[in-house]
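# Reading the structure
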Amino acid sequence: MENFEEYDDPILYDKENDPYTADIPFLLKWAAKTEGTIIDVACGTGRATIPLAKNGHKLIGVDVHNGMLAEAKRKTDKLNLPIEWIEQDCSELNLNVKSNLIYTVGNSFQHFLTNEAQDALLNSVNKHLNVDGIFIFGTRFPSTEELLQPSTEEYWKTYIDEESQHKVDVYTISHYDSLNQVQHYTTIRKFLNDAEEIVDEKKTNISLRYVFPKEMERLLERHGFEIVHLYKNWNEEPITNDSYEMVYVCKKYRKCRRKNV
């Protein structure tokens, strides 16, 4: 839980992330081919879970962060959707159900910072997938531009807070640890008033693991997954050297050989 500062304010998280919907049509396409319960791993506040449930699919949303999950439950409390929200560590899932489709979006794969954590996640997913079941996830592409970002405060983006209609300027500071393939980010949000004066400032820290394509290929194979598709984005465009993300569609072809792989 020490790497979860970005998620300690679920309302702010939704304000900044709910507008992103690029992955939803992709997930709906695969969900339409799926029978049975779909599992959303690291579901957060349900950004991707809820749209699939609204399209008639039965889902389990799993997250370890109590606050994010509480907000997901609040948002769906009166919607009568076929979603079961479960608080569990995604690397130690124990759901008593097998699925034909498991996914994790929002670059959640990058929160597993060590080899052991990645192994545990993939083993956990494998255990809950039927043979020939599909595992979908996205992660940032480890390009030079992505990894070698300035270590000084740099402007990232501006958005409008829906409630106050005021601007929020967002800046980042980053440092890449090459030995561990981990990028350490500080995100700085500067809240402005009508006169565009800074009236509040919030800093959060997060660390993200980067995995190179060939490394990921071997990692997935080791855990019983065959890569069916690898895209540069959710629009199914082929991966290229100038990509910003990697979208994986994997099929489980065997159980993990042993518990610790």
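Please refer to the structure placed before this passage.
Here's a quick rundown of the structure. (Residues numbered from 1 in each chain as written. Predicted model: local features only at pLDDT ≥ 70, side-chain atom pairs only at ≥ 80, totals over all residues. Heavy atoms only, no water.)

Take the overall build of the chain next. Summing up its helical and strand segments, the chain has 7 helices and 11 strands in all. Rg of the C-alpha trace for the chain: 19 Å, near the compact-globule value of 18 Å for 261 residues, within the 12% margin. Across its three principal directions, the C-alpha atoms of the chain cover 60 × 45 × 35 Å. In the chain, buried positions account for 51% of the 261 residues. Carbon and sulfur atoms make up 48% of the accessible area of the chain, which amounts to about 13400 Å² in all. Across the chain, the centroid of the 31 positively charged side chains sits 9 Å from that of the 43 negatively charged ones. (Helix = DSSP H or I, 4+ residues; strand = E, 2+ residues; numbered from the N terminus. Rg over C-alpha atoms; globule rule 2.2 N^0.38 Å. Buried < 20%, exposed > 50% of the residue type's maximum accessible area, 1.4 Å probe, protein only. Areas by Shrake-Rupley, 256 points an atom, 1.4 Å probe, with all protein chains shown as cover. Lys, Arg positive; Asp, Glu negative; His and termini not counted. Charge placed at Lys NZ, Arg CZ, Asp CG, Glu CD.)

At a closest axis distance of 9 Å, the pairing of helix α1 (residues 10-17) and helix α4 (residues 66-76) adopts a crossing angle of 70°. Relative to α4, the element α1 lies roughly perpendicular. In the packing of α1 onto α4, the handedness of the crossing is right-handed. Seen from α1, the contacting residues are Pro-10, Ile-11, Tyr-13 and Asp-14; seen from α4, they are Gly-67, Met-68, Glu-71 and Lys-75. (Axes fitted to C-alpha atoms, helices over the stretch in contact; angles between N-to-C directions. Parallel < 35°, antiparallel > 145°, perpendicular 65-115°, else oblique. Left-handed = near helix turned anticlockwise from the far one by under 90°. Contact = heavy atoms within 4.5 Å.)

Below, the discussion takes up the nonpolar core. Phe-109, Phe-135, Phe-137, Met-216, Leu-220 and Phe-225 are the most contacted members of the largest nonpolar core, which totals 26 residues. Elements with a contribution of two residues or more to this core: β1 (38-41), β2 (59-63), α5 (115-128), β5 (129-140), α7 (213-222) and β11 (245-252). Apart from the residues within four sequence positions on either side, Phe-135 is in contact with Ile-102, Tyr-103, Thr-104, Leu-122, Val-125, Leu-129, Phe-225, Tyr-248, Val-249 and Cys-250. Among the nonpolar cores identified, the runner-up in size contains 25 residues, and Leu-52, Leu-101, Tyr-231 and Trp-234 belong to it. (Core = buried A, V, L, I, M, F, W, Y, C linked by side-chain atoms within 4.5 Å.)

Take the sheet that holds strand β10 (residues 225-231) next. Ordered by their spatial adjacency, 7 strands build an open sheet running β3-β2-β1-β4-β5-β11-β10, and the pairing between neighbours is mixed. Edge strands, defined here as strands with exactly one partner in the open sheet, are β3 (83-87) and β10. Direction aside, the axes of adjacent strands within the sheet are offset by 20° on average. Across 3 bridges, the pairing between β1 and strand β4 (residues 99-104) is parallel. (Pairing = 2+ DSSP bridges.)

Taken together, 4 strands build an open sheet; the order of strands is β6-β7-β8-β9 and the sheet is antiparallel. Strand pairing shows two members of the sheet lacking a second neighbour, β6 (154-160) and β9 (198-209), which therefore form its edges. If you compare each strand with its neighbour and ignore which way they point, the axes differ by 20° on average. Sheet analysis places strand β8 (residues 182-192) next to β9, joined by 11 bridges and oriented antiparallel. Bridge pairing links His-184 to Ser-207 in β9.

Tracing the chain through its elements places Asp-14 in helix α1. Judged by its relative accessible area of 9%, Asp-14 falls in the buried class. For Asp-14, the side chain forms a polar contact with the side chain of Lys-75, separated by 3.0 Å. When near neighbours in sequence (up to four residues on either side) are disregarded, Asp-14 contacts Pro-19, Thr-45, Glu-71 and Lys-75. (Polar contact = N/O pair within 3.5 Å; in protein donor to acceptor, adjacent residues only side chain to side chain.)

Take the pattern of salt bridges next. All told, the structure shown has 16 salt bridges when counted by the stated rule. Its salt-bridge partner being Lys-232, residue Asp-242 comes within 3.8 Å of it at the nearest N-O pair. With a gap of 10 residues between them, Asp-242 in the loop between β10 and β11 and Lys-232 in the loop between β10 and β11 connect regions that are remote in the sequence. Accessibility expressed as a relative area gives 52% for Asp-242, which makes it exposed. A cluster of three or more residues bridged by salt bridges with shared partners is formed by Glu-6, Glu-16 and Arg-189. (Salt bridge = Lys/Arg side-chain N within 4 Å of Asp/Glu carboxyl O.)

As a general feature of sheets, a regular strand has side chains that alternate between the two faces. Within β2, 5 of the 5 residues are buried, which leaves it mostly tucked inside the rest of the structure. Residues Leu-59, Gly-61 and Asp-63 of β2 are buried on one face, and the alternating residues Ile-60 and Val-62, pointing to the opposite face, are buried as well. Of the pairings in the sheet, the one linking β1 to β2 comprises 4 bridges and is parallel in character. The residue of β2 that forms the bridge with Ile-38 is Leu-59.

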